[in-house]
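Report on the structure
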Amino acid sequence: TPGSAAPKDIPEPELEESEEADKSTNKTSAAKQSETIQLELPDVTLELKVTALSKGYVHQPIIFAVEPYGVGETMKDSLEYSWNFGDGNSSAGKEVEHVFSYPGTYVVTTLGEYKRQRQIARHEITILPVRLSLTTNSENDVQVSNDSPYELDISGYTIRAHKDFVFPPYSILLPNQTITIPNPKLLTAAPAMIAVYDTEDSLVASRL
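Residues numbered from 1 in each chain as written. Predicted model: local features only at pLDDT ≥ 70, side-chain atom pairs only at ≥ 80, totals over all residues. Heavy atoms only, no water.

Right, let's talk about the packing of aromatic side chains for a bit. The full count for this structure, using the stated rule, is 5 aromatic pairs. Measuring from ring centre to ring centre gives 6.0 Å for F64 and W83, while their planes differ by 50°; the resulting arrangement is tilted. Of this pair, F64 sits in strand β3 (residues 61-69) while W83 sits in strand β4 (residues 80-84), and the two are 19 residues apart along the sequence. The class of F64 is buried, set by a relative accessible area of 0%. Residue W83 is classed as buried on the basis of its relative accessible area, which comes to 2%. In this structure an aromatic cluster arises from ring pairing among F64, W83 and F85. Across the ring face of Y197, the terminal group of R160 is positioned such that the distance to the ring centre comes to 4.5 Å. (Phe/Tyr/Trp six-rings, centres within 6.5 Å; stacked < 30°, edge-to-face > 60°. Helix = DSSP H or I, 4+ residues; strand = E, 2+ residues; numbered from the N terminus. Buried < 20%, exposed > 50% of the residue type's maximum accessible area, 1.4 Å probe, protein only. Lys NZ or Arg CZ within 6 Å of the ring centre and 35° of its normal.)

What follows covers the sheet that holds strand β2 (residues 55-57). Note on sheets: strands pair through backbone hydrogen bonds, and any given pair is parallel or antiparallel. Across the sheet, which stays open at both edges, the 5 strands sit in the order β2-β8-β7-β4-β5 with mixed pairing between neighbours. Two strands bound the open sheet, and with one partner strand each, they are β2 and β5 (90-92). Along the sheet, successive strands turn relative to each other by an average axial angle of 30°, direction set aside. Here β4 pairs with β5 via 3 bridges, running antiparallel. Looking at the pairing, S82 lines up with A92 of β5. (Pairing = 2+ DSSP bridges. Axes fitted to C-alpha atoms, helices over the stretch in contact; angles between N-to-C directions.)

This paragraph deals with the nonpolar core. Nonpolar side chains in soluble globular proteins tend to be buried together. In this structure, L132, I159 and F167 are the most contacted members of the largest nonpolar core, which totals 22 residues. Elements represented by at least two residues in this core include exactly β9 (132-136), β10 (142-146) and β16 (194-197). Contact partners of L132, with chain neighbours within four places excluded, come to V144, S145, N146, D147, L152, I154, Y157, L173, V196, V204 and A205. L46, Y81, W83 and V96 belong to the second largest nonpolar core, which has 19 residues in total. (Core = buried A, V, L, I, M, F, W, Y, C linked by side-chain atoms within 4.5 Å. Contact = heavy atoms within 4.5 Å.)

Pairing within the open sheet is antiparallel, and its 3 strands lie in the order β9-β10-β15. The outermost strands of the open sheet, each flanked by one partner alone, are β9 and β15 (178-181). Taken pair by pair, the neighbouring strands of this sheet meet at an average axis angle of 25°, ignoring direction. Where β10 and β15 come together, 4 bridges link them in antiparallel fashion. Within the sheet, the bridge partner assigned to V144 lies in β15 and is I179.

Here the focus is the pairing of strand β6 (residues 95-99). Of the two faces of β6, only one is covered, namely that formed by V96 and H98; the face formed by E95, E97 and V99 stays uncovered. The pairing of β3 with β6 spans 5 bridges and is classified as antiparallel. Across the sheet, I62 pairs through a bridge with H98, a residue of β6.

Tracing the backbone shows H123 in strand β8 (residues 117-128). Under the relative-accessibility criterion, H123 is labelled buried at 14%. Ignoring any residue separated from it by four or fewer positions in sequence, one finds H123 in contact with V50, A52, L53, S54, F64, Y106, V107 and V108.

Laid out in structure tokens, this is it:
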């Protein structure tokens, strides 16, 4: 009735179960909006694979290359690489060249990294000594013999006498075998000092 006092002790209407659930959900959502969300970064996915010979020779230039996997192309282009050749020498780059001065088996490692992506790969290589000897036959042809128990790649090796003779690419000398170089290719007179040098111009064998 207009002008009459408000009725006392009127009970509040009870909420249905669905309305209670909505209120609870709204409170939870409001709480979540006010909290800082912690992002968990994924684990390192970078993987590296080294490509190189498993055997080489003293004073032979050997190429080492690394290929990354498990990351995007942009990340691959941003990676920086550092190398440890296991003989006290190091280098940097995706593809590097190294010459070992002494025989032995070496563990070569490469570290690839950019920001939080960081991975190390290793490669074992055995460096063999080169054992060659020089002789001449009755015609004064020069004979180069492999005194090693394994085949040798003597591509680029040079025999020096009166003239120089360079072995062409893919020159393979089998164990305990001999290559004969005809006299006219090396000698114009006798006597002469004959010597074999490897690709790093280090003396391998000599003969008067």
